[in-house]
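Residue-level structural notes
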Amino acid sequence: MPDSPFPHLTTAHDWAHLRTDVEAIRLLETAILPPYVNTCRWFAGKARPQDGFSVSTIHEVPMGDTVAYLLLLTARYADGGEPETYQLPLSFLDASEQLPDVNPKGVLTIAYFGGRRGLLVDALYDERFQQALFRGVASGQDVAQETGSLHFQRGRGLDPEDIRGPVSSRVLGVDSSNSALIFGEKYFLKLYRKLFRLTNPEVELVEYLTEQGGFAYIPAFAGSLTWQRPDAPDVTLGMMQRMVENQQDTWGVTGLHVGDFLEEFLHRKFVVRESVFEEVELLGRRTAEMHLGLYSTHAEPPFRAEPFTDDYRQFLLRRIRHLMDNRYALLVDKYLDLDPQAQRLAWVFMEAKELLDEFLEEFATRPFHSLRTRVHGDYHLGQVLHTGQDYVIIDFEGEPESSIVDRKIKHSPLKDVAGMIRSYHYAVSAGLFTAPEAAQADPERIFIAADRWYRLMRDTYLDTYLGTFGPEHPLFHNNTEINFLLLVYLLEKAVYELGYELSYRPSWVKIPLKGLVDVVLEVEKLREA
């Protein structure tokens, strides 16, 4: 049995009584959880001054003749910030039985429960717990708890032939902000580590698109696990989806196309293969189909299309104005550190402050007849998998820095479109600016070539996207509103990018600055019309 770098846990009580074992819980909170949790990739508070952990809730998950526990941990911070809640499942591996091989990073400590020696482990690494989760989803069972119940839901993505099993299981060996299990090399169960007081938007969107929206180009919803309580919102603990075969994400595929383009460009040729346009057209079509799947005027309120309201306008304006004020200040502070090309772009953007302020004022008062719906919320090339023949859209959690409430706000689908357009701009610009071969070319020519390539991709994507909706659709009242709203969302996206690049990657700052200058030029055209 492996040793543990963390203090051992010893209690006179059996494992079955952990929930009421006050001394064992105290040892966990003070001596075992703090060092262990701080080694976990999914814990986001490692860099913050911590003020301790406490176990706020313990759920039981039956595993045959024993039990696993889902601990909800409250992480407190000394910086005055809001506490965070994390999910940690625990199981006990009795040393008197044949111990399975357990990944060392899943071992919390050596433990003694009622005189029985064994390992206290993150139950994610315990096959008994893995199988209990799958059986729960497959059977759609409810497991009563001290407060409320653990509700397992089965989705359409789970094949009937797999409901009774058996199905193999393993931990996906990729560290991230959540944890994942693979079942039968066919299903992917994401266990959300950081929890929120509301249902996770990803589960809502994936379930809706699978069960109601009829959109096939996502990993299909196979089930979920939530904590349900009377008179309180459900808390999402996990979601299972179908696995999809893919070659790589579309950011990588686009990078390969940019590499091919650069090779020809260095020989003074501007060449884009027809297959590249076909791929971009297909992504525009799939994006539109996703938004059509999310559009309904008769759905339940969380998914019912809504008009533009004053509250929504003010929400978006507060966000954009805050970002712009911050970015103007950063630009002034770092202006002299920029290269001449970036300085020219920055000057145009800063000179246009009054113009952009007037543009935003018009957004606040202008009548809109287009509609708002739920959207992906963090849509870019990295969120689209390329299967070789088609695309699969993933990761519907929304903007990581936004609150759960804000991630569920309805927007024009053009917000997602703006995100993808900006992503294409980044893909070509980063590919051309950072390629070693590009060093032999005139930087100004590289900049112009990147802009030409991007505009071709942008127009191809946008034309196909809008064409999929047809000449009239309630989501988009007319071309005038489409153009205006798209500029609003492009401004929001590019001004956010500017802050990131100024702070962390100043050599790339010309990419969002060029996007902002493009917005300025389009706003000027609106004024002249």
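Above this note sits the structure.
Rules used in this analysis
Residues numbered from 1 in each chain as written. Predicted model: local features only at pLDDT ≥ 70, side-chain atom pairs only at ≥ 80, totals over all residues. Heavy atoms only, no water. Helix = DSSP H or I, 4+ residues; strand = E, 2+ residues; numbered from the N terminus. Rg over C-alpha atoms; globule rule 2.2 N^0.38 Å. Buried < 20%, exposed > 50% of the residue type's maximum accessible area, 1.4 Å probe, protein only. Contact = heavy atoms within 4.5 Å. Areas by Shrake-Rupley, 256 points an atom, 1.4 Å probe, with all protein chains shown as cover. Lys, Arg positive; Asp, Glu negative; His and termini not counted. Charge placed at Lys NZ, Arg CZ, Asp CG, Glu CD. 1 Å grid on protein atoms, 1.4 Å probe; cavity = no way out; pocket = protein on both sides within 12 Å on 5 of 7 lines; lining within 4 Å. Points joined across faces, edges and corners; volume = space filled by probe spheres on them. Nonpolar A, V, L, I, M, F, W, Y, C, P; charged D, E, K, R; others polar. Phe/Tyr/Trp six-rings, centres within 6.5 Å; stacked < 30°, edge-to-face > 60°. Lys NZ or Arg CZ within 6 Å of the ring centre and 35° of its normal. Pairing = 2+ DSSP bridges. Axes fitted to C-alpha atoms, helices over the stretch in contact; angles between N-to-C directions. Parallel < 35°, antiparallel > 145°, perpendicular 65-115°, else oblique. Left-handed = near helix turned anticlockwise from the far one by under 90°. Salt bridge = Lys/Arg side-chain N within 4 Å of Asp/Glu carboxyl O.

Looking only at helices and strands, the protein features 13 helices and 19 strands. Taking 2.2 N^0.38 as the reference for a compact globule, 529 residues should give roughly 24 Å; the C-alpha atoms of the protein span a radius of gyration of 26 Å, in line with that estimate. The burial tally for the protein puts 54% of its 529 residues in the buried class. Residue pairs in contact within the protein that sit at least 24 positions apart in sequence constitute 71% of those at least 6 positions apart. Only carbon and sulfur atoms are counted for the fraction: they give 50% of the accessible area of the protein, which is about 23800 Å². Each charge class in the protein can be summarised by its mean position, and for the 54 positive and 77 negative side chains these summaries are 1 Å apart.

Any empty space left between the atoms is revealed when a probe the size of a water molecule rolls over them. Approximately 1100 Å³ is the volume attributed to the largest pocket. In terms of lining residues, the largest pocket is bounded by 40 residues, among which S176, N178, K190, D395 and E397 are the most central. Elements with a minimum of two residues in the lining of the largest pocket: β4 (84-94), β10 (179-183), β11 (187-191), α3 (201-213) and β14 (232-242). Examining the composition of the lining of the largest pocket, we find that three residues originate from one element, β10, more than from any other. Tallied by class, the residues present in the lining of the largest pocket amount to 20 nonpolar, nine polar and eleven charged.

Moving on, we come to the packing of aromatic side chains. Considering all chains together, one arrives at 29 aromatic pairs under this definition. Their ring planes at 75° and their centres at 5.1 Å tell us that F92 and F113 sit as a pair that is edge-to-face. Here F113 lies in strand β5 (residues 107-113) and F92 lies in strand β4, a separation of 21 residues in the sequence. The buried category is assigned to F92, whose relative accessible area is 8%. Three or more aromatic residues link up through ring pairs in this structure, and these residues are F308, Y312, F315, F359, F363, F368 and F484. One Lys or Arg, R374, reaches over the ring of F303 and ends 5.0 Å from the middle of that ring. For K510, the ring lying beneath its charged end belongs to F433, and the centroid distance is 5.4 Å.

As a further point, take the sheet that holds strand β19 (residues 391-393). One open sheet accounts for three strands, arranged β15-β18-β19; its pairing is antiparallel. Two strands lie at the open edges of the sheet, namely β15 (248-249) and β19, each paired on one side alone. Where strand β18 (residues 384-386) meets β19, three bridges bridge the pair, whose relative direction is antiparallel. For L385, the partnering residue across the bridge sits in β19 and is V392. Across the sheet, helix α5 (residues 274-294) touches β18 and β19, and the angle it forms with β19 is around 40°.

Before going further, it helps to spend a moment on the packing of α5 against helix α11 (residues 443-469). At their nearest, the axes of α5 and α11 sit 8 Å apart, and the two run at 40° to each other. By the angle between their directions, the pair α5 and α11 is classed as oblique. In terms of crossing hand, the pair formed by α5 and α11 is right-handed. Contacts from V276, F277, V280, E281, L283, G284, R285, T287, A288, E289, H291 and L292 in α5 reach W453, L456, M457, T460, Y461, T464, Y465, T468 and F469 in α11. Among the residues making up the contact of α5 with α11, the classes are represented as twelve nonpolar, six polar and three charged.

Following the sequence through the fold, D122 ends up in strand β6 (residues 116-122). For D122, a relative accessible area of 1% translates into the label buried. With 15 residues separating them in the primary sequence, D122 and V107 have C-alpha atoms 6.4 Å apart. Apart from the residues within four sequence positions on either side, D122 is in contact with Y36, L88, P89, G106, L108 and R193.

Where burial is concerned, most of β5 is hidden: six out of the seven residues are buried. Relative to β6, β5 runs antiparallel, the two sharing six bridges. Its bridge partner being in β6, I110 is matched across the sheet by L119. If you look at the hairpin formed by β5 and β6, you'll find two residues sitting between the two strands, and G114 has a positive phi there, around 55°.

In this section: the pattern of salt bridges. Within the structure shown, the criterion is met by 41 salt bridges. One salt bridge connects R170 with E185, and the closest N-O pair in it is separated by 2.7 Å. Of the two residues, R170 sits in strand β9 (residues 169-171) while E185 sits in the loop between β10 and β11, which places them 15 residues apart along the sequence. The class of R170 is partly exposed, set by a relative accessible area of 35%.

In terms of residue burial, β4 counts as a mostly covered element, since ten of its eleven residues are buried. Relative to β4, strand β3 (residues 66-77) runs antiparallel, the two being bridged by seven bridges. The partner of Y69 across the bridge, within β4, is L90. The turn linking β3 back onto β4 is made up of six residues, and G80 within it adopts a positive phi angle of 85°. Of the strand pairs in this sheet, β4 and strand β12 (residues 194-195) are connected by two bridges, and their pairing is antiparallel. Bridged to Y86 within β12 is K194.

As a packed pair, helix α4 (residues 250-265) and helix α10 (residues 414-434) sit with axes 9 Å apart at the nearest point and diverge in direction by 50°. Classed by the angle they form, the pair α4 and α10 counts as oblique. In this structure, α4 meets α10 at a crossing whose hand is right-handed. Mapping the contact onto sequence places W251, T254, V258, F261 and L262 in α4 and S423, Y424, Y426, A427, V428, G431 and L432 in α10. Taken together, the residues of the contact of α4 with α10 sort by class into nine nonpolar, three polar and no charged.

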